[in-house]
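Structural overview for review
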Amino acid sequence: MELVGLISLNLSRNLLTRRITTEIGALRSLEVLDLSENQLSGGIPSSIALINSLNFLDLSNNNLSGIIPTGPQLSTFNATAYEGDPNLCGFPLPKKCPGETTQNPAVNRGGDLASIQETEDGFITPGFYVSVALGFVISFLGVFGTSLLNRSWRFSHFNFLNNVKDKLDATVVVNMARLRRQHQT
Ligand SMILES: *[C@@H]1O[C@H](CO)[C@@H](O)[C@H](O)[C@H]1NC(C)=O
Ligand SMILES: *[C@@H]1O[C@H](CO)[C@@H](O)[C@H](O)[C@H]1NC(C)=O
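Parameters and conventions
- Residues numbered from 1 in each chain as written.
- Chains lettered and ligands numbered in written order.
- Predicted model: local features only at pLDDT ≥ 70, side-chain atom pairs only at ≥ 80, totals over all residues.
- Heavy atoms only, no water.
- UniProt positions renumbered as here; feature names shortened; annotations may be inferred.
- Near = heavy atom within 4 Å.
- Polar contact = N/O pair within 3.5 Å; in protein donor to acceptor, adjacent residues only side chain to side chain.
- Pairing = 2+ DSSP bridges.
- Helix = DSSP H or I, 4+ residues; strand = E, 2+ residues; numbered from the N terminus.
- Axes fitted to C-alpha atoms, helices over the stretch in contact; angles between N-to-C directions.
- Buried < 20%, exposed > 50% of the residue type's maximum accessible area, 1.4 Å probe, protein only.
- Contact = heavy atoms within 4.5 Å.
- Areas by Shrake-Rupley, 256 points an atom, 1.4 Å probe, with all protein chains shown as cover.
- Nonpolar A, V, L, I, M, F, W, Y, C, P; charged D, E, K, R; others polar.
- Salt bridge = Lys/Arg side-chain N within 4 Å of Asp/Glu carboxyl O.
- Core = buried A, V, L, I, M, F, W, Y, C linked by side-chain atoms within 4.5 Å.
- Disulfide = S-S within 2.5 Å.

For the protein, an unreviewed UniProt entry supplies the name Receptor-like protein eix2 and the organism Quercus suber. For the protein, the Subcellular location (unreviewed entry) comment in UniProt is given as "Membrane".

Ligand 2 sits among Asn63, Ser65 and Asn87. Within the side chain of Asn63, an N or O atom sits 2.4 Å from an oxygen atom of ligand 2.

A separate point is the sheet that holds strand β1 (residues 8-10). Strands sit in the order β1-β3-β5 across an open sheet of 3 strands; the sheet is parallel. Looking at the sheet topology across the chains shown, the edges are occupied by β1 and β5 (56-58). On average, adjacent strands in this sheet sit at an angle of 10° to one another, irrespective of strand direction. Note that β1 and strand β3 (residues 32-34) share 3 bridges and pair parallel.

Secondary-structure assignment places Ser12 in the loop between β1 and β2 (17-18). Residue Ser12 is classed as buried on the basis of its relative accessible area of 16%. Ignoring anything within four residues of it in the chain, the contact list for Ser12 reads Asp34, Leu35, Ser36, Glu37 and Asn38.

Now for the site of ligand 1. Every residue lining ligand 1 is accounted for by Asn10, Arg13, Val32, Asp34 and Phe56. Separating an oxygen atom of ligand 1 from a side-chain N or O atom of Asn10 is a distance of 2.3 Å. The contact in question runs from a nitrogen atom of ligand 1 to an N or O atom on the side chain of Asp34, over 2.7 Å. Alone, ligand 1 offers 360 Å² of accessible surface; in the complex the protein occludes 48% of this. Broken down by class, the residue content of the shell around ligand 1 amounts to 2 nonpolar, 1 polar and 2 charged.

Using the criterion set out here, one finds 2 salt bridges in the structure. Here Arg13 makes a salt bridge to Glu37, at a shortest N to O gap of 3.9 Å. Within this pair, whereas Arg13 is found in the loop between β1 and β2, its partner Glu37 is found in the loop between β3 and β4 (39-42), the two being separated by 24 residues in sequence. Under the relative-accessibility criterion, Glu37 is labelled partly exposed at 37%. The salt bridge involving Lys165 is made with Asp169; its shortest N-O contact spans 3.1 Å.

In terms of nonpolar packing, the biggest core is built from 23 residues, with Leu33, Ile44, Ile48, Leu57, Leu59 and Tyr82 touching the most fellow members. Apart from residues no more than four positions distant in its own chain, Leu33 is found in contact with Leu9, Ile24, Ile48, Leu54, Phe56, Leu57 and Asp58.

Under the counting rule described, the total for this entry stands at 1 disulfide. One disulfide bridge connects Cys89 with Cys97, the sulfur atoms lying 2.2 Å from each other. What sets the handedness of the Cys89 and Cys97 disulfide is the S-S torsion sign, and at about 105° it is right-handed. Pair check on accessibility: Cys89 and Cys97 agree, each one buried.

Attention now moves to the environment of Ser41. Along the polypeptide, Ser41 turns up in strand β4. Overall, Ser41 belongs to the partly exposed group, its relative accessible area being 26%. With 24 residues separating them along the chain, Ser41 and Thr17 place their C-alpha atoms 6.8 Å apart. Ignoring any residue separated from it by four or fewer positions in sequence, one finds Ser41 in contact with Arg18, Arg19, Ile20, Asn63 and Leu64.

The structure is reproduced here in structure tokens:
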């Protein structure tokens, strides 16, 4: 699950048992995932919806159960990806999940992120968004906050930017003149 550059994984017909690890979502480069004809059980981890490059999926003929996760990429696969797993339910299978009112993937799509957050493996949690926001604020303050707080730093900061701009302007003018001269000769 650390081979983040892996493009194709075929573990079909290997007598594999137990669950598909939730870390499968870390294999972001996967285009082909074939886990068919094993004895895998448990749910399909919702993190599988995070593999945007996936264009072939086969989880058929295992003993997987529960709701098939939704996602823009997952909605492109049809029921053959899941056939022979009698306890799976939800789109694209005809079998509805308990409490499911609609099988229209267009309706599900709006709730993709919500359903990813709600599922048990919690790959994307509210904490994830908090960390992203915090990281942004801290980096922003690191660069601009110091020069806003400190007058002399502020002047040297903008002086530096001005100098860079002047140098660039001068270089452009000189090179334009040189080009024009070469063009005329
Ligand atoms: C995976 O391997 C099996 C045979 O071991 C083969 O039948 C199947 O087509 C392969 N899957 C893909 C996607 O190539
Ligand atoms: C398949 O999984 C169910 C639980 O979802 C379990 O009760 C059953 O024994 C499993 N069948 C096989 C053949 O492993």
